[in-house]
Every structure is written in C-alpha cells, then in structure tokens.
Amino acid sequence: SLYVLEAVFAGSNVYGYYVAKTSNIALDSNKINRIQKHLNIAFKSIIGYYQQRMQMIGLRNAAFIDHTTGLANLEGTTKWFQEYAADPEHHQKPLTVSVYGLPTYKYIYENFGIEEIEKSVCVVAEALKHTNTENCFIGRVSQDEFLVINYYDSDEQISPVINEATSRFFGIMGDHNTRNSKEYYLEVNAGCTEAMPGWEGTLSAFSKLAGNEMYLNRDRKSVV
C-alpha cells in the first residue's frame, strides 16, 4: 500500500493535512485529486464564512446591519471602509470595488410582493457570500444593489480572483433561474473598478465608478 500526504489549504494558508491510502496510485490519482479539490473548496468557504462573521461582529450596532440578508448595510459598509482606509499600509496594496445590481427588483416587488423580493435578495446575498470567501467585505448598500470590496497583496491577484468569483456567482444564478418555477427571471448585473497601490478616494467615489461599469455592461448585454 502507498500513503499520499496532502495539505488542506484556503488561499495560501495551510490548515492541516490528510493521508490517502491507495494500492494503485495510477488508478486512484484522479480520485485523490478530486478529494483534495473538494476539501480545499470546503475549507475556503468555511474560513471565509468565519472571516465575514468576525467582520460583522466588529460592527456590532444593529444600525449597521441589513436585517433581510444579515450583511452590512450602506452605513456599515461605509464604516468598515473608513476604518480600513485609515491604515496607511492598506493604501500600499490594491483593492477592487464591485457593484451587483438587480434590474428586476422593482418588477418582482410590484408583481409578486415583498416576501418574494426578499427571497430573491437573499438568493443573491448567499451567492455572493459563497463566491467571495477571502480578503473581502460584502454589503447590501441599497434595496437593489450589493457591494463587494476585495483587497489583495499584489496586482497579479486581481484578475484571477475577480474572474473566478464572477464566473462562480453567475453560474449559481444561472442554476437558480433554471430550477426556479416562478414567473420571473432573477437578473443580476455587475461592474468593477480597480484601485492600484497608492490609491486615494472614498467608498462613494469607487462605488460610482463600479456602478458606471455595471450600467455599461448592462447596456452591452441588451445590445447583444
């Protein structure tokens, strides 16, 4: 028999190890790789969940929380960003601000009621939490918009993180709409802006830039 030692990690951090026993490494290598992949995804989600919980505990005051989703509201998101930006070291590393908007919010609310739109909002919130699990902050900043703030150690991390998060997010939303038996389509549009090392600016300014990109993406989609 052969024993294969594998690390369990989330991002660049190792959280433990496990051993896989096999009598035929050539036959079982794909299975071992799948197990490793699923374990690492699970740990990444767990670590991200507790990171977000600790961030929310730091806000404490109920006035900073959106009670439908459990995320920070606009005031809570602004408070977190101001505290983050108060540290000069954070300005030496890049960040991104992404806006996720629900263009069908008003239609769902007016035609299907408050309970249905709250369910839809929670679907989007859970998808964002599931796909943004490390080095980020998520807030519901208005009835129909969410913000995701990602912070990085280097510029090279931006594209892989954003591409993976958006791909997984829209995959989840596509699956939801496919399974959903409702008479409406839960549409979400997204836009993102980057702030390179040495950045200055307010959350409001970054949000407007990301919002403009979101509307451009929405227009491009409608043309197609």
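Since the model is a prediction, treat every value here as computed from it, not as a measurement.

1. Re the nonpolar core
1) Next: Core analysis: the biggest nonpolar cluster contains 20 residues, and Y100, L102, V124, L128, F146 and F169 have the highest contact counts within it.
2) Next: Contributing elements (two or more residues each) for this core: α3 (105-112), α4 (114-131), β5 (145-151) and α5 (158-179).
3) Next: For this core, the element with the most residues is α4, which contributes 6 residues.
4) Next: Setting aside chain neighbours within four positions, we find F169 in contact with Y100, V124, A127, L128, T131 and V188.
5) Next: Grouped together as the second largest cluster of nonpolar side chains are 18 residues, W80, V97, F137 and L203 included.

2. Thoughts on the pairing of β5
1) Next: Within β5, 5 of the 7 residues are buried, which leaves it mostly tucked inside the rest of the structure.
2) Next: Where strand β3 (residues 95-101) lies against β5, 7 bridges are found, and the strand directions are antiparallel. Within β5, the residue paired with S98 across the bridge is V148.
3) Next: As paired elements, strand β4 (residues 136-142) and β5 share 6 bridges and run antiparallel to each other.

3. Description of the confidence of the model for the protein chain
1) Next: When the pLDDT values of the protein chain are averaged, the result is 86; 79% of them are 70 or greater.
2) Next: Ranking the elements of the protein chain by mean pLDDT puts helix α1 (residues 25-59) last, at 66, and β3 first, at 98.

4. Digging into the packing of α3 against α4
1) Next: Between α3 and α4, the shortest axis-to-axis distance is 7 Å and the interhelical angle comes to 145 degrees. Where α3 abuts α4, its residues Y105, I108, Y109 and F112 lie against I114, E116, I117, S120 and V121.
2) Next: Here the contact of α3 with α4 is composed, by residue class, of 7 nonpolar, 1 polar and 1 charged.

5. Points about the sheet that holds β3
1) Next: One open sheet holds the 4 strands; their spatial order is β4-β5-β3-β6, and the pairing between them is antiparallel. Edge positions in the open sheet fall to β4 and β6 (189-195), since each of these has one partner strand only. Geometrically, the sheet is characterised by an average inter-axis angle of 20 degrees between neighbouring strands, direction not taken into account.
2) Next: Relative to β3, α5 is tilted by about 20 degrees, and along the sheet it contacts β3, β5 and β6.

6. What to know about the environment of G211
1) Next: With respect to the helices and strands, the residue G211 is situated in helix α6 (residues 203-223).
2) Next: Separated by 113 residues in the primary sequence, G211 and S98 place their C-alpha atoms 8.0 Å from one another.

7. Focus: the side chain of T96
1) Next: Along the polypeptide, T96 turns up in strand β3.
2) Next: At 2.7 Å, the side chain of T96 and the side chain of Y152 are in polar contact.

8. Regarding the pattern of salt bridges
1) Next: If you walk through the whole model with that rule in mind, you get 8 salt bridges.
2) Next: Residue D66 is joined to R140 by a salt bridge in which the shortest nitrogen-to-oxygen separation is 3.3 Å. Placement of the pair is D66 in the loop between α1 and α2 (74-85) and R140 in strand β4, with a sequence separation of 74 residues. Across the pair, R140 and D66 agree in class, each one buried.

Cut-off values and rules
Think of each chain on its own: its residues are numbered from 1, step by step along the sequence as written. Two thresholds apply to this predicted model, a pLDDT of at least 70 for residue-level local features and 80 or more for giving and counting side-chain atom pairs, whereas whole-chain, interface and lining totals are computed over all residues. Calculation of side-chain values draws on the structure's entire complement of heavy atoms; hydrogens and water are dropped beforehand. Residue types Ala, Val, Leu, Ile, Met, Phe, Trp, Tyr and Cys, when buried and joined through side-chain atoms within 4.5 Å, form a set referred to as a nonpolar core. Burial here depends on accessible area, computed with a 1.4 Å probe over protein chains only, as a share of the maximum for the residue type. Under 20% is buried, over 50% is exposed, and the range in between is partly exposed. Secondary structure counts use DSSP, requiring at least four H or I residues in a row for a helix and at least two E residues in a row for a strand, with both numbered from the N terminus. Contact between two residues is taken to exist if any of their heavy atoms lie within 4.5 Å; hydrogens are not considered. Two strands make a pair as long as DSSP finds a minimum of two bridges between them. As a per-residue measure, pLDDT tells how confident the predictor is, with possible values from 0 to 100. Axes, fitted as lines to C-alpha atoms, cover a helix only where it is in contact. Angles between the N-to-C directions of the axes lie from 0 to 180 degrees. Throughout, the ten residues Ala, Val, Leu, Ile, Met, Phe, Trp, Tyr, Cys and Pro are labelled nonpolar, Asp, Glu, Lys and Arg are labelled charged, and all others, Gly among them, are labelled polar. Polar contacts here mean pairs of N or O atoms no more than 3.5 Å apart (in protein, one a potential hydrogen donor and the other a potential acceptor; neighbouring residues in sequence count only if both atoms are side-chain atoms). The working definition used for a salt bridge is a side-chain nitrogen of Lys or Arg within 4 Å of a carboxyl oxygen of Asp or Glu.

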